[in-house]
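# Notes for the structure review
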There are 2 protein chains.
Amino acid sequence: MAPPERIVVLAGGVGASRFLQGLVRVTDPSAVTVVSNTGDDLDFLGLRVSPDIDIVIYALAGAVNPETGWGLAGDTFHVVEALQRYGYERWFNLGDRDLATALHRTRLLREGHPLHAVVADIARAWGVPCRILPMCDERVETRVATSEGELPFQEYMVRRAAEPRVLAIRFAGIEAARPAPGVLEAIAAADAILLAPSNPFVSIGPILAVPGIRDAIAGAAAVRAAVSPIIAGQAVKGPAAAMLAALGHEVSALGVARLYRGLVDVMVIDEADAHLSPAIEALGMRCAAVPTLMTDDAAKAALARATLEAARQARRP
Amino acid sequence: MAPPERIVVLAGGVGASRFLQGLVRVTDPSAVTVVSNTGDDLDFLGLRVSPDIDIVIYALAGAVNPETGWGLAGDTFHVVEALQRYGYERWFNLGDRDLATALHRTRLLREGHPLHAVVADIARAWGVPCRILPMCDERVETRVATSEGELPFQEYMVRRAAEPRVLAIRFAGIEAARPAPGVLEAIAAADAILLAPSNPFVSIGPILAVPGIRDAIAGAAAVRAAVSPIIAGQAVKGPAAAMLAALGHEVSALGVARLYRGLVDVMVIDEADAHLSPAIEALGMRCAAVPTLMTDDAAKAALARATLEAARQARRP
């Protein structure tokens, strides 16, 4: 029996977590390493919240709120409700059980544990079958320059509902960041590197911006495949389409493919966008058009399977 | 109409909060200053919890859990339940809404606000009609030397259910503590200073140990009255009786009166202990024997009224 494919997935939040739910059903989860965006981490009342990491962990544990795609199923919001008495605006809706995770993470970080060790501990507590790594241990903050001034990502995304016009995106602290221990090793050892169907600017972007990660992926022996988060000119969730437009890119799978040009060997796009395949292949990458809308568990697994298959076919000789 | 009596109450937790619930019904609450013990404050997962202050605030707001005497009525425990996944022992049962108070307090303290300002903010948020002051802004930790070694107060009291034998009690950090702003002024201006029916060692004791407070009370123009927390040789709640015994004192209202000798003008004891009155008066203080068991709102008000009346009669000419 051949050893399992070693797979690295660059992951943002909800889209990535659904893709990963499918992936662990069609491959050996113990050979999967997730490199998670931490650029939209925030300090909420002194607690360190890592939304993307927690979404992925909760989803892989089968505990995520299936309606929202984030937070814990059945969670309550008694703490954030009670905080309103003290004058807090309730813009970031952290559930009570989710807050326990943040308390635990904050405590471990204050005790001096690096983030990757904290993430490993939380993933273990939830019985997550694959390895979850933060992109880096250092604090990096995705900041969105908008028509209303520069906002931390969650303030732009949640408090302002992604309404302000986006002018630019930067990752504060990225120069001092280093790939978390294990990230470069996983990339070097991978058979396939997958860019999950996440926002290319604020989910995949920060990961690639950590000094060393983009170069490692560009130089990796692995085949690299990206799944477009844009279907028929729309983002399934979140501000990816608005950001593509605002930042001067075509709002389509082709626009996404251009962002990943030179980095990936194959682009997986939705069958609805099959007409874009020639233009995408003209960028010097293969293109596979398959159903990408992850409407249920079967669709998630089918997308993961199709992505792995497209990667295998694109594998360089 | 005479101006309201200015009353200062030295307060611990549950017993004090019940006494205060009665007091605000029989006097002008705006003329009442509560000086609260902070010796059993704890850092719980990086959150500063002030059990005695919160008990008093919640009780005066009518929001305290009436069954336990601490915490908020109807509160849930989803955060502490969820923390068990991460290996935390659930020994300190902080409710979700109660945790919101701790988050707010911790945040304000980290921002550099002194504790007395934080307490004022929380009391205002709850609409508490009297003034609540911590005994000091500095961190003081009541530590209990026991047969199992020295324990922080809450670990002795809650985690170990007050079971280890008490050898000694000390207040770590007390030398550096100063009466919180307003404490000495309230004592100097008071018409009556009341020691609530709280544990003399770990509730009233830390307050009196803050350098300057005992002397201010001893030298105050106000009449000073203490209510015994011991009835018929038993503490109504908590380890006061066990501590009296362990530390070599008589387990009775007389034993308590001896601890307050030279400091108070009148001791309020339960009618069941009326036979102790001569011995207590022989200590150089008056003694009033009245019903002290605060079984309901009427009993709380009656005890407060009887205490004020005893204080008035003991007022020095």
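Placed above this text is the structure.
Reading the values: rules and limits
Residues numbered from 1 in each chain as written. Chains lettered and ligands numbered in written order. Predicted model: local features only at pLDDT ≥ 70, side-chain atom pairs only at ≥ 80, totals over all residues. Heavy atoms only, no water. Helix = DSSP H or I, 4+ residues; strand = E, 2+ residues; numbered from the N terminus. Rg over C-alpha atoms; globule rule 2.2 N^0.38 Å. Buried < 20%, exposed > 50% of the residue type's maximum accessible area, 1.4 Å probe, protein only. Lys, Arg positive; Asp, Glu negative; His and termini not counted. Charge placed at Lys NZ, Arg CZ, Asp CG, Glu CD. Contact = heavy atoms within 4.5 Å. Pairing = 2+ DSSP bridges. Buried area = accessible area lost by both parts, 1.4 Å probe. Salt bridge = Lys/Arg side-chain N within 4 Å of Asp/Glu carboxyl O. Polar contact = N/O pair within 3.5 Å; in protein donor to acceptor, adjacent residues only side chain to side chain. Nonpolar A, V, L, I, M, F, W, Y, C, P; charged D, E, K, R; others polar. Axes fitted to C-alpha atoms, helices over the stretch in contact; angles between N-to-C directions. Core = buried A, V, L, I, M, F, W, Y, C linked by side-chain atoms within 4.5 Å. Least-squares fit on C-alpha atoms with pLDDT ≥ 70 in both. Phe/Tyr/Trp six-rings, centres within 6.5 Å; stacked < 30°, edge-to-face > 60°.

Next up on the list: the overall build of chain A. A count of helical and extended segments in chain A gives 13 helices and 14 strands. Relative to the globule expectation of 20 Å for 317 residues, the C-alpha radius of gyration of chain A, 19 Å, shows essentially globular dimensions. Its C-alpha atoms put chain A at 60 × 50 × 40 Å along the principal axes. Among the 317 residues that make up chain A, the fraction classed as buried is 58%. Separation of charge centres in chain A, based on 30 positive and 35 negative side chains, amounts to 2 Å.

To continue, consider the environment of P114 of chain A. All names here are of chain A. By the secondary structure assignment, P114 is in the loop between α4 (96–110) and α5 (115–125). Separated by 22 residues in sequence, P114 and C136 place their C-alpha atoms 9.4 Å apart. When sequence neighbours within four positions are dropped, the list of residues in contact with P114 reads L109 and D137.

All names here are of chain B. Buried residues dominate strand β13 (residues 266–270), accounting for five of its five residues. Across three bridges, the pairing between strand β10 (residues 223–227) and β13 is parallel. Residue pairing in the sheet places A225 in a bridge with V266 of β13. Across five bridges, β13 lies against strand β14 (residues 286–290) in parallel orientation. Along β14, the bridge assignment pairs V268 with A288.

Attention now goes to the interface of chain A and chain B. Where interface size is quoted, it is often the accessible area lost as the parts come together. Taken together, the 23 residues of chain A in the interface contact 23 residues of chain B. When chain A packs against chain B, close to 2400 Å² is buried across both sides, 65% of that on carbon and sulfur atoms. Considering only the side of chain A, the residues that lose the most area to chain B are R85, Y86 and L103 of chain A, jointly responsible for 27% of the buried surface there. Along the contact surface separating chain A from chain B lie zero salt bridges. On inspection of chain A and its partner chain B, the count reaches 10 residue pairs in polar contact (both at pLDDT 80 or more). Mapped by element, the contributors of at least two residues to the side of chain A that touches chain B are α3 (78–83), α4 and α5 of chain A. Among the elements that make up the side of chain A that touches chain B, the one with the highest residue count is α4 of chain A (nine residues). When grouped by side-chain class, the residues that make up the side of chain A that touches chain B number 13 nonpolar, five polar and five charged.

Let us now look at helix α2 (residues 51–60) of chain B. For α2 of chain B, the buried fraction is high: 10 of the 10 residues fall into the buried class. All of the buried residues in α2 of chain B are P51, D52, I53, D54, I55, V56, I57, Y58, A59 and L60 of chain B.

As a further point, take the pattern of salt bridges. One side chain can pair with another of opposite charge once the charged atoms of both are near each other. Scanning the entire structure with this criterion turns up 42 salt bridges over all chains. The salt bridge involving R139 of chain B is made with D43 of chain B; its shortest N-O contact spans 3.3 Å. One end of the pair, R139 of chain B, is in the loop between β5 (131–134) and β6 (141–146); the other, D43 of chain B, is in strand β3 (residues 42–44), and 96 residues separate them in sequence. The salt bridge partner of E81 of chain B is R90 of chain B, with a shortest N-O separation of 3.7 Å. Classification of R90 of chain B as partly exposed rests on a relative accessible area of 32%. Bridged by salt links that share partners, the residues E5, E309, R312 and R315 of chain A form one connected network.

The strands that make up a sheet pair up through hydrogen bonds in the backbone, lying either parallel or antiparallel. All names here are of chain B. On the basis of which strands lie adjacent, the open sheet formed by seven strands has the order β5-β2-β1-β9-β10-β13-β14 and parallel pairing. On the outer flanks of this sheet lie β5 and β14, each paired with one strand and no other. The mean angle between the axes of side-by-side strands here comes to 20 degrees, regardless of whether they run parallel or antiparallel. Relative to strand β9 (residues 192–195), strand β1 (residues 7–11) runs parallel, the two being bridged by four bridges. Bridged to V9 within β9 is L194. Of the strands in this sheet, β1, β2 (32–36), β9 and β10 are in contact with helix α1 (residues 14–26), which crosses β1 at around 160 degrees. Seen against the sheet, α2 touches β2 and β5 and runs at an angle of roughly 175 degrees to β5.

All names here are of chain A. Taken together, seven strands build an open sheet; the order of strands is β5-β2-β1-β9-β10-β13-β14 and the sheet is parallel. Either end of the sheet is taken by a strand with one partner, and the two such strands are β5 (131–134) and β14 (286–290). Strand-to-strand twist in this sheet, taken as the mean axis angle between neighbours without regard to direction, amounts to 20 degrees. Packing against the sheet, helix α1 (residues 14–26) makes contact with β1 (7–11), β2 (32–36), β9 (192–195) and β10 (223–227), and its axis sits at approximately 160 degrees to β1.

All names here are of chain A. Checked against the element boundaries, N37 lands in the loop between β2 and β3 (42–44). The exposure class assigned to N37 is buried, which follows from its relative accessible area of 0%. For N37, the side chain forms a polar contact with the side chain of D40, separated by 3.2 Å. A polar atom in the side chain of N37 sits 2.9 Å from the side chain of D52. Sequence-distant contacts of N37, that is, excluding residues within four places in its chain, are made with A11, G12, D52, I53, M135, V202, S203, P206 and I207.

By size, the foremost hydrophobic cluster in this structure holds 128 residues, and its most contacted members are I57 and I132 of chain A together with I57 and I132 of chain B. Those residues in contact with I132 of chain A, other than ones at most four positions away along the chain, are V34, I53, V56, I57, L60, V119 and A123 of chain A.

Its rotation angle being 180 degrees, the transformation that places chain A on chain B also includes 0.0 Å of axial translation and leaves an RMSD of 0.0 Å. Interpreted geometrically, this transformation is the action of a two-fold axis. Taking the C-alpha atom as reference, chain A places D96 of chain A closest to the rotation axis, 3.6 Å from it. A share of 100% of the interface residues of chain A reappears at the interface of chain B, consistent with the copies meeting face to face through the same patch.

All names here are of chain A. If you walk through the whole model with that rule in mind, you get eight aromatic pairs over all chains. With a centroid separation of 5.2 Å and 65 degrees between ring planes, the pair formed by Y58 and W126 is classed as edge-to-face. Placement of Y58 in helix α2 (residues 51–60) and of W126 in the loop between α5 and β5 is noted, with a sequence separation of 68 residues between them. Across the pair, W126 and Y58 agree in class, each one buried.

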